[in-house]
Each structure stands twice: as structure tokens, then as C-alpha cells.
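Fold and contact review
Read off the chains here:
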Amino acid sequence: MKPFRFSPSARPKPAALFKSCSTLCAVVLSAVVLPTAVILASCRSAPLHNAGLSLPTDTQAMLESVFADGVVMQAAQNFPIPMKDYDASILPNNYLSFIAYKGQARIYFWAQNLSSFTLYINNRQVPAKNLCTDMPVCFDASPYIQNGINTLTIANLVPSAGAAADHADSKPEEEPLRTAQDSALHHSAAAAQTGNQPSLQVRIPYPVIIGAQGLLPGMLQKSPAPPAGTPYSTDALALVDQLLTAETECGFPGAQLVIIKNGQMIKNAAYGTISRVDSTGTPLDSYIPVTQDTLFDIASNTKMYAVNFALQKLVSEKQLFLTDTVHQFFPQFKDAKKDRITGKADITVFDLLTHQSGFPAGSPYTQKIAKLKNADEKTHREHTLDLIMTTPLVYKPRTSVRYSDINYMLLTYIVEKITGVNLADYVTAQFYRPLQLERISFTPLQRGFTLDEIAATEIYAKPRTAAAAESGQKTELIHGTVHDGEAYYALEEMSGHAGLFANAASLAVLAQVMLNNGGYGTMRFFDPSVAAYFTAQQSLVSSFGLGWRRQGTQEYSWAFSPLSSGSTFGHTGWTGTLTVIDPAEHLIIILLTNAKNTAPAHNTRNSRFEGDYYLVKRYGAITTLIYEAFRQPPQSKLDSLLIELAQKKYEMLLEIKAFNNQGYRNDLAAIIKTIQLRAAGSAALRAFLNTDTAHAILSTLNK
């Protein structure tokens, strides 16, 4: 598949913006109508917090953050549309399509010199007379909204008496009001300076996340009650809780789980402990529990929430083109005479993002730096860039797909070359700070976080700190620093392939930005077409987008679940982290764990960790149960799935040698424990516990 081409000849200066309004397909649904005055009062009574996150309702705030120069929202249109921009098929000019969810559906109107206009939302007429106030109005459209795609229709603008008289005597405007694509970049207050000309401005913000029961970080809206418009099986989600709790009681360290459905946070849960051992690997007598605020090393999810976000913005602003070659940024990146495989000069940003660059999966840059005679003359990051420039290719570019951390190391340097600042500072300034995400950071120990706020990872790692080395420790707990060795040493803890720490709620907000195709509230971070292109299939392997991993033709169902739609995208992380974003279901699942905070599963080199053998680290069972929750499964089906877990786990333990380890056994014990917990309310589970299979499982676990 060819890369997305933005013409290099049209490249503007770095400050230039590339923005447009998204176009969505229309869906029609009837809704209950309430008096307009009541709806307006409800909207205006909402508290104003930070513009762009909690949507503004008072006049001054609307002027500053909704109708101001540079504000680009989900949908925007000024009426009347100038004839030079008018679609000759007439009717398309009257429609706006947008995504909204029940419980959050504010639409902003600014009618000037109008006595009335015709307004329909999802084919239900809305009395519009009270919107004609010559002042910005925040309209709560919740009674008319369906979850997902909605349509708004406007027609028949009737000028006020004075405006009609003036209009009859006026000449045609030389500079008519702007169209939807560029109106949001124009200072809308200028429309008020057109004399008594009738006009209507419509602005629709992006959805934000509303939290369940108010148990949320500060950047999320609060909802006083559970999400009434989001039906799901409480029993299915209870089963998820019971399984995760049982697993942490049976040896798995800790986890966070956040579920967003239709803009509502229906679960923000924490399980287990930040570590089961102290800094020397000695088991602890008491544990510090994981909370909703605990930071996790998100490993390769860093690629998406740091580098990909940066690239999506830079491409939107035309500071970067996917057809740009690495050689353009680093002229030294070219084939050497001794290279067996050539083609470096033609490798593009697109090739790096699609993992078809020709690079190997990784390279021991840290070891290579240690052997350099001039190791002290440059920083490790500078040496690593030099080494990447000379790393030989292992296959011809664009002839295969091979997942490679080197691609994202190199993309880190490209982002920093374009922006002139390090990756951490750039993404913090451009995304995390505007979204008020205070629990996401590179190098968290250098940013004011304490060890008690961070989940630890590997328990028997080689000593990193001077204190451990000086004391003669053979191993050390990795806690508060990135687990990935190349990110830690070669790129000094700040790499695009690993190094970001976050809690699940923060990642959920960033995931909602992606679900919204680039925006959140009254803020747009990148162009909708760019967001859509990055998450679309980009090679013959349907599970690869531009960096983002995709469900495609069920290729990622092992993590996302077979029940996720083909358009689902996200990523996994080696430490035990998962992002699932399903546009068809308007569903977000963020699962963070510190699975590596366990002993090696086998006494072999490069053994997997015991935590890798639990269901929570395999992801698919947990995500499948979450998807089932929104399908309202009967208890009998949940019982059947739970019995299936126990039976097949036991069969695999008997037949596959690699599964004969303590982590796998502990996970099977957690499943049995969950069955025993639920058996009091289930005849099927009680019957299973009396079978020969259940007795054999218990006998095996008790050995």
C-alpha cells in the first residue's frame, strides 16, 4: 500500500497548521423532546472548569474557547454559506454529522440578527426561537442524542425585522462568511461586525470522558450516578473483578483496569500490589496496594502515546511527511560499502511506522557503547544515534514486515530534530498538559513521583544503581525506571519505543482523543484524516496500521478479543499493558499490569516470567468477558465460560511442558477460586466442582 502523500512542494514553515473538519456518515434516530428553555437552563447551570475539558457555558468563556480564533472543533459551520462555496446539490449544505453520547451533548449556537431558524437533531424538530439571542448560547441537546453518530439539520434562516430592512438596502459582501473547513480558524467574533447581516454559527465539541460515581482524576468530568444510558451485565464485570482479584491473591502482582463505553467511564479499578519484593528481591511482609493513581511502565504502548501522537500532530501541521526519508533528516544515514543489504537512503517515515524498514528487531547498543574508545566524549543518546546510522539492514526494505524497536528509536530522533526539543518535553507540552494529565511521565522519579506511586517490574535484574553495585548485590528490583534496557541505558530513559509511565485513566483520555479522530472537548490535536489514516491497514498484514496494531481479519484477537470489530486498534506492552480502542463499539479498554514483578518461570536463559502465564497478562480472556458484558450474557453462559477456562487450562498444563510452572499453576488456582466463590449462586458451578476433572485439578494444585 502506498504511503499517505502530502506534497513536499507545498511544505509550509513549521508554524503552519493543517486542519480540517471531519465528515461523518449520517444516522437518524428519534428522541424525547423537552422544552428548549429547560435545556438551555440545564446547559448554562453546569460549572465551568478548564476550557476544552469541561465545556464552557458562560458568555465570556464561550467567546474565548468556542468562538475564538484558532479553535477547531469536531464540527463547525457558518450560515448562510456563501454561494461560491455552496454545494449545487443543495441539501448537503444543511446537514452536520457528529459523534456524541447520551449525557454529554452540548452544541453551541451564535445567532445574530435572526428571529428564528429551522433546527432538527436526529429528525426531531427543536424549537429554535430561544436560540436567537444575538449572544453565544450553549444548548444541551442530550434529549435528542443517540450514542454514536448524530445529524443536525438547519434551514430557513429568518432575519429579524431590522436585519431584513438593512439587508434589502445592502450590497453583496465582498468577503463572505467562511465555510466549515476554515471557519474555526477565523475569529468568529468578526461575524458580529457585519452590521445587521443575519448569520448563524454552529460549533460542536468533541466528546469527553464522564466518570462513573465521581471516583476520578481531576481531568475527567464527574457524573453523580452510574451511566444510565450504557446497559451492561454487572455480573459479567463482577466476574472480571473476581478473576483479577483471585489472580492477585494467587501470586500475580498488580493491575489497573479502565473501561470506557460511549464516553462513560464504567470501571476504574485497581488490584494487587506495586511489588511483592523489596529492592533486594526479598519477599515483603506487607504490601503497598495498587491504586487508581499508581503509575505503570507501559513499555511499547509508549510508541503510541508518545511518538505516534507527536507524528500525527507533525503530519497534520505539514512539518513532516510520511514520504520523507530518514536521509533527509540525517544525511549520514546511507549504505556503507560493506553493507550486504542496501537501500537505506530510500527508507521513509512510512517504512519505519509500518515496520518494513529492513531493521532487525533490536540491537545491543548499550554493549556497543561500552566498548567504544570515545565513550565519554558523547552522551549515550548521541552515541546511540551514531550507531543506528550504521546499523546494517537484515532484509530489503518494504519486502517484509518485522516489528522493530529500532524504528521507534529513530522516529524519536526525527521528532526531536523537527521540534528542537526532547520527546518528553514535546508530548508533555502538546498533549499531556493541555489535557490536564498529571499522572503520565517519562523519568517519573525525576518529575516528583515517589516509589510508592509506581508499580515495580523485574525482581531479579542486574544491578543498575550505584548503591546496589557498591553493596555487592547480584540482582536488583527495577522500580521507577524503565524496564527496557536499551531505553534505560542507550537512550537515557527517554525513548519512543519504551519509557513512558502512566496510570490507566490518563491513557483512557488519550485513547478517547484517538476515538474522536484527534480531538477532545474544544481542542483538536491532529487532523481527523491523519488520525484515520494512521489507524487504517497499511500493509498486506491486516494487523498493522501506522504504528498502531489492528484487529484486522481477527489477527489480534488473542489480545483484543474475537468479539472486537475489525476496525479496533491499540497496542500491547511487554511489561503487561494493553490498549483496546474499538470505534464501532465506542469502547476503550486500558489494562495495565506489572507482570514482570515475578520470578522467572523456568531455570533457563531468557525465561518468561511467572506473571506472563496468568490470564490477565494473556489479555484475551479478560477482554472477551468485557465485550460479553455489553451483550448481556445469561449467567449460564458465564458459568460455561468459567468452566471452559478451568478445563482447558488443566488440559494444557498436562500436555504442554512449558506450562508446567508455578505461574501457570497459580493462575489455574485463581480460576478454581473464582468458581468456588461463585458456586453458591450457580448449580452448574457446584456440579462442576463435584466432577472428576475438578477433583483432579484440586489434587494437582495441592501437590
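Everything here concerns the structure above.
Presented here is an overview of the structure given in this document. Keep in mind it's a predicted model, so treat the numbers as computed, not measured.

Quick look at the side chain of Ser682 now. Relative to the assigned elements, Ser682 resides in the loop between helix H21 (662–678) and helix H22 (683–689). Under the relative-accessibility criterion, Ser682 is labelled buried at 2%. Reaching out from Ser682, the side chain makes a polar contact with the backbone nitrogen of Leu685 at a distance of 3.1 Å. What Ser682 contacts, discounting residues up to four positions off in sequence, is Gln635 and Asp639.

Another point: the pairing of strand E20 (residues 577–582). Summarising burial for E20: six of the six residues are buried, a large majority. Because side chains alternate across E20, one face comprises the buried residues Thr577, Thr579 and Ile581, and the other comprises Leu578, Val580 and Asp582, equally buried. Two elements, strand E19 (residues 569–573) and E20, share five bridges in a ladder whose sense is antiparallel. Looking across to E20, one finds that Thr572 is bridged to Leu578. Remark: three residues form the turn of the hairpin made by E19 and E20, two consecutive strands paired antiparallel; Gly576 in that turn has positive phi of roughly 115°. Across six bridges, E20 lies against strand E21 (residues 587–593) in antiparallel orientation. Across the sheet, the residue bridging to Asp582 is Leu587, located in E21. Between E20 and the antiparallel strand that follows it, E21, lie four residues; His586 among them carries a positive phi value of about 50°.

The antiparallel open sheet is built from four strands, whose spatial order is E2-E7-E4-E5. Single-partner strands in this sheet number two, and they are strand E2 (95–100) and strand E5 (124–125). Of the strand pairs in this sheet, strand E4 (residues 114–121) and strand E7 (residues 148–159) are connected by six bridges, and their pairing is antiparallel. Each bridged residue has a counterpart across the sheet, and for Ile121 the counterpart in E7 is Leu152.

Reading guide: rules and limits
- Residues numbered from 1 in each chain as written.
- Predicted model: local features only at pLDDT ≥ 70, side-chain atom pairs only at ≥ 80, totals over all residues.
- Heavy atoms only, no water.
- Helix = DSSP H or I, 4+ residues; strand = E, 2+ residues; numbered from the N terminus.
- Buried < 20%, exposed > 50% of the residue type's maximum accessible area, 1.4 Å probe, protein only.
- Polar contact = N/O pair within 3.5 Å; in protein donor to acceptor, adjacent residues only side chain to side chain.
- Contact = heavy atoms within 4.5 Å.
- Pairing = 2+ DSSP bridges.

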